[in-house]
Each structure stands twice: as C-alpha cells, then as structure tokens.
Amino acid sequence: MLVLLLGVWVYRDVGSFAFVQFDDPALVSNNPYVNRGLTADSLRWAFTFEESPGLHAEPLARELWSPLSFLSLALDVQIAGLDAAFHHRVNLYLHLLGTALTFLFFLRLTRLPLVAGMVAAVFCIHPMHAESVAWISERADLLSTLLVLGTLNLYLAWKLRPAGGGTWMWWGALSCFALACLARPVAVVTPLLLLWIDAWLDRANPAPDAKQTAPRDLVARLRPKIAFLVVVVAVGVTSLAMKLVHSAAPSGPGANFWERVVEIPFALLFYLERTAWPHYLFPYYERYPQPFLIATMVGVILIAIVSWGAYWLRDRAPEWWFGWGWFLICLLPVIGFAYTGSSFTADRYTYLAHCGLAFAVVSSMARLVTRWPGWLIPVLVLNLFYLARIAPLAHRSASVWEDSETLFRQGVRAQPSSGKNWNHLGALLVDQGKVDEGIMHLKRSIELGGMPDAYYNLAVVTLSSGGSPGQAAKMLRECLRFDPENGRAMEMLGELLGDPEQVGLFDAEESRSLIERGRALQAR
C-alpha cells in the first residue's frame, strides 16, 4: 500500500497532461481507428491493418502490430472521447496495478515482504519508467507488462501449488501470455522468464538425486512450455508478416543488422549507466553515426565482468545470477537483434528489466542483514534514502510530458547534438505562431543533420509566410534527396511545379508525375 501511495504522489500531475506531438497524433488522436471509439472498423484494422474507404491511418500506426493496445485506446475514446486526462489516468491505473503484481510475484518468490516491496518500489518510481506512464502512446508497454506480470504470478502459483489441482492457474498463465503478446509482441520472451523461474525454484529446493534425474527433469520442465511456444510462433509469424506487408523497409540509422549488433555492448552500458544515474532522460536517443569504439570496449569489459561475477556467485549469492539473467532476457527483443526504430536505446525498454537488477541488489542486502543483524538499520536507511532520491527525479521526468513544448525543449537539453530533436521543437514553435524562433531551430536541425523533415518543415514555413516558392521548391528537392520516398514533400513539390504562374518552376509533366507518386506513397 505504501508503494502504491508513493506512486500516486510521484505521478500526481499526469491527469492534467495533454496529448503530445510525438506519436500521439499518429497512434491515437488522428488515428481514425482509435479516435472514433470501438467500431467494427477499428476491430478489423487492429488485427489486420485493413483500412476502410476514406479512413487512412498514418504509416507510423502500422509499424508495430499490437491489436490489444489499439483496442484499449479505442475503448478509452468510447468511454471518455479524446480526453487526454482520461487516457493518462488509465495509464497510471495500469502502472499501479502492475506495481501490485510485481510485489505479489517477488513476495511469492522470496517470502520476504521488504525485498518484494523494494523491488516493486523501483518498478513503480524509477525515473526511466516515467516515460511509459506519462506518454499516452506507450499504452502497449503498460498493458503488455501488466499481462506478463499476470502470467508470472499465475505460473509461479501453479509451480508452488500443493500436489494435484491448480490446472486453472496454468491455463490462466497461458491466457495472460497470449494477451500480452497481442498487446505487444516483445512479450514473446516470457517463456524464457518462466524457465528462469524454474531454475530459481530448483536451486531453492534441490532434489536429492538432481544429477541422476536432470534429463528427465528438463523434459518435464519443457513440457508445460509447449503451448507457450505455440503462441510465440503464431505471434512471431503474424507480427513479421504484418510488418513485411504493411510497413516500409527500414532505412537510415539502425537499419543495418550488424551495425545494431556491434552497438549492443554500448547500449547495455548506456542502460546500466542511466539505471544508476538517471539524468537527461528523453524518449529518443540519437544513434551514433558509427560505433563508438571506446564506449563499446568499456561495455564489453563491464558486461563480461558482471556476467562472470554473477556466474561465479551463483551458489553463494544466486540472486545475482537470477537478476542479471532476468535483465538480459527482458532486453533481448529490443537490444538490437531486431529493428525497433532509429533510436539506439529507449528508457521504456527497461520497464520490466529493472526488476531483475533491483532483486539482485535488495536480496543481497537481505542476505547481509540475515548474516549480520546489526546492519538492519543502515540497510533500511540506505533504501529509504534511495527512494527519497529517485522519487522527485521520477516526478520531474513525468512532468516533461505535460505538453509538446515542454517535451521537445527537454529533447534539445538532453541531446543538443540531435538534429531530430531540434526539428521537432522548431516545427512545433512554428505551429504555435513563434515563427522566427521556430525557423532558427529548423536551421539548427539542418546544420546537425536533422533532415529531411527539417527541409520539409522549412518549405512549409516559407510558403505559409509568403516566402519565395522557388526557395520552397529547393528545400523540397533537398528533402527528397535525403528521403526519396517522402510522399508529402513529393506532392507539395508537384503542386508548386504545376502552378503556371510560377515562372521558372512550371513543369506540367513533372508536376503530374510527382503528385501521383506522392499520393500513392502516402496511401500505402
């Protein structure tokens, strides 16, 4: 209860936040399959991305197949319309419910209320998790994690049940897992967590003849996972097929598989650093133009040391082996093996992963107190100090999501070398009527390599403020040079070239070709 109250205090302001111009329009407020509530069209589109005549969703909405999350957002609209406050409150309720399930799981696993409470507190108020709570578009993360936690709780209850009975728990775990995958396909790693839980329970309660029965035990351990594996295959194949059919091929930063793999050590180092010192948090971290050699080497060395140390301590302090494995398993689908976007890391990916690290640290403290009871008060004080330190940081991280301008100004503070962040801020300021400041930021974006969007936005500003059509056309051509399939820029350039009054620009044949191709690209 105290942890939940702490969460309510930290996120007390989210009910007054607005939609932000960062994925929210494409996924929610401007998505016709969400903003009209629950309809037959929204149900069909959520599962198939099949669009109805006259109802076109932006390509971003088709980047990730997560039907249950889209239907959840549509249900919010059905109940309260496009009331951002209601959406934010639902996100908070899901997060608090997930916190409660985190506490119940680790209480069942350890039978130590203080350990479970501290792990749940880290899950609830770590500043890196504010993004998942305060960003309406991250409903998929909240809903999927909640269902994964439901899976873990039911599975653990089934494993710890008295002999006989409890079949409903296994079926409940399987059902929660299937729904979690429908909310966000990255939940497919859950069966690995179930195997990890099996290994923990076997270590806590070893059989007398474990070596002789090991092969038989392995088969018995895998048999209940077959149904989970069927779900993994079904969801994986469906998700991949939807991406191949409805999403454009990845291009730009992060598109190359080997480039992502090389960056994995650095990404893990980045996560560990931000976990210990959560500063300058933002939903988008610019990918380095080439692997950062020193950071990658440091990452490899640190990960090797932590992994070797956890393995070496697996008998004396098994919580480190369990917690480190948990952390890596949760990050497995988003660490670089699969394309997840141009941002090389994201705070939201640690939402469930942090539970493993928190469990390792807090369980070690509990082991210390068990051996030397005199350390109880210092350990309690240290934990309370830590919570007192991260709680205001989490509140500050959540407040960044109050509105679009606050969010984008945080972006340029967090990563002043990111052209994309300057472009977001510049375009927003132009929309708000702060044209001069907006143009200055858009030009800064171009200087830092934030094209092609910055060129497109500058062209729009040039035309809307009565500037030279020739200058606007030049910017649009620059945009298309960097992004040859930008349908919006192509159509706008075609309209400029099709105006007979624009002497020196008029080209009817090229205009017609650009407009047709631009509209076709936008309709994909």
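The shown structure was predicted, so the numbers you read here are calculated from the model rather than taken from an experiment.

### Describing the packing of helix 5 (residues 84-110) against helix 6 (residues 113-125)
Here is step 1 of the chain: As a packed pair, helix 5 and helix 6 sit with axes 8 Å apart at the nearest point and diverge in direction by 150°. With respect to their mutual orientation, helix 5 and helix 6 come out roughly antiparallel. Relative to helix 6, the crossing made by helix 5 is right-handed. Contact residues: His-95, Leu-96, Gly-98, Thr-99, Thr-102, Phe-103, Phe-106, Leu-107 and Thr-110 in helix 5; Pro-113, Val-115, Ala-116, Gly-117, Val-119, Ala-120, Phe-123 and Cys-124 in helix 6.
Here is step 2 of the chain: When its residues are assigned to classes, the contact of helix 5 with helix 6 shows eleven nonpolar, six polar and no charged.

### Some words on the pattern of salt bridges
Here is step 1 of the chain: Going through the model one piece at a time under the given rule, you end up with 21 salt bridges.
Here is step 2 of the chain: Across the pair Glu-138 and Arg-184 runs a salt bridge, and its minimum N-O distance is 3.4 Å. Linking Glu-138 in the loop between helix 7 (130-134) and helix 8 (139-159) with Arg-184 in the loop between helix 9 (167-183) and helix 10 (190-204), this pair joins segments that are 46 residues apart in sequence.
Here is step 3 of the chain: In this structure Arg-184 comes out as buried when scored by relative accessible area, which is 9%.
Here is step 4 of the chain: Between Glu-437 and Arg-409 there is a salt bridge, with its nearest N and O atoms 3.1 Å apart.

### Concerning the packing of helix 22 (residues 453-464) against helix 24 (residues 487-497)
Helices that pack against each other are described as a pair by the angle of their axes relative to one another and the distance between those axes.
Here is step 1 of the chain: It is the contact of helix 22 with helix 24, at a shortest axis distance of 11 Å, that shows an interaxial angle of 35°. Taken as a pair, helix 22 and helix 24 cross one another with a handedness that is left-handed. Contact residues: helix 22 offers Asp-453, Tyr-456, Val-460 and Leu-463, while helix 24 offers Arg-488, Ala-489, Met-492 and Leu-496.

### Quick word on the confidence of the model for the chain
Here is step 1 of the chain: Mean pLDDT over the chain works out to 87, with 91% of the residues at or above the 70 mark.
Here is step 2 of the chain: Mean pLDDT values for the elements of the chain range from 59 in helix 11 (residues 210-222) up to 96 in helix 5.
Here is step 3 of the chain: Considering only residues more than four positions removed or in separate chains, one finds that residues 209-213, a stretch of pLDDT under 50, has zero contacts.

### Section: empty space enclosed by the protein
Here is step 1 of the chain: Going through the model one piece at a time under the given rule, you end up with two cavities of 30 Å³ or more.
Here is step 2 of the chain: By volume, the largest cavity is sized at about 230 Å³.
Here is step 3 of the chain: Every residue lining the largest cavity is counted, 18 residues in all, and those nearest its centre are Asp-141, Thr-145, Val-186, Cys-330 and Leu-352.
Here is step 4 of the chain: Of the residues forming the lining of the largest cavity, the biggest block, four residues, is contributed by helix 8.

### Considering the side chain of Asp-76
Here is step 1 of the chain: Relative to the helices and strands, Asp-76 is located in helix 4 (residues 67-80).
Here is step 2 of the chain: Judged by its relative accessible area of 5%, Asp-76 is buried.
Here is step 3 of the chain: The residues contacting Asp-76, other than those within four sequence positions of it, are Gly-81, Phe-86, His-87, Val-90 and Arg-139.

### Regarding the layout of surface pockets
Here is step 1 of the chain: Looking at the second largest pocket, its volume works out to about 660 Å³.
Here is step 2 of the chain: In this structure, the second largest pocket is lined by 27 residues; those nearest its centre are Pro-113, Leu-114, Val-115, Gly-117 and Met-118.
Here is step 3 of the chain: For the lining of the second largest pocket, the elements supplying multiple residues, two or more each, are helix 1 (2-10), helix 5, helix 6, helix 17 (354-371) and helix 18 (376-399).
Here is step 4 of the chain: Considering every element that reaches the lining of the second largest pocket, the biggest residue donor is helix 6, with seven residues.
Here is step 5 of the chain: The residue inventory of the lining of the second largest pocket, partitioned by class, reads 23 nonpolar, four polar and no charged.

About the criteria used
Counting from 1, residues in each chain are numbered in the order their sequence is written. It should be noted that, the model being predicted, local features are given only for residues of pLDDT at least 70 and side-chain atom pairs only at 80 or more, the latter also being counted only at that level, while totals for whole chains, interfaces and linings use all residues. The basis for every side-chain value is the complete set of non-hydrogen atoms in the structure, without hydrogens or water. Orientation is described by axes fitted as lines to C-alpha atoms, over the contacting stretch for helices, and by angles from 0 to 180 degrees between their N-to-C directions. Secondary structure counts use DSSP, requiring at least four H or I residues in a row for a helix and at least two E residues in a row for a strand, with both numbered from the N terminus. Here roughly perpendicular refers to angles of 65 to 115 degrees, roughly parallel to angles under 35, roughly antiparallel to angles over 145, and oblique to all remaining angles. A clockwise turn of the near helix away from the far one marks a right-handed crossing, whereas an anticlockwise turn of less than a right angle marks a left-handed crossing. Here, residues are in contact when the closest pair of their heavy atoms is within 4.5 Å. Three categories are distinguished: nonpolar for Ala, Val, Leu, Ile, Met, Phe, Trp, Tyr, Cys and Pro, charged for Asp, Glu, Lys and Arg, and polar for the others, with Gly belonging to the last. Throughout this description, the term salt bridge denotes a Lys or Arg side-chain nitrogen within 4 Å of a carboxyl oxygen of Asp or Glu. Accessibility here uses a 1.4 Å probe with only protein chains present; expressed as a share of the type maximum, an area under 20% marks a residue as buried, one over 50% as exposed, and anything in between as partly exposed. Scored from 0 to 100, pLDDT reflects the predictor's confidence in each residue. Grid points spaced at 1 Å and placed over the protein atoms alone form the basis of the search, with a cavity being a set where a 1.4 Å probe fits but cannot get out and a pocket an open set showing protein on both sides within 12 Å along at least five of seven lines. Lining residues have an atom within 4 Å of a point. Grid points are joined across faces, edges and corners, and a volume is the space filled by probe spheres set on the points.

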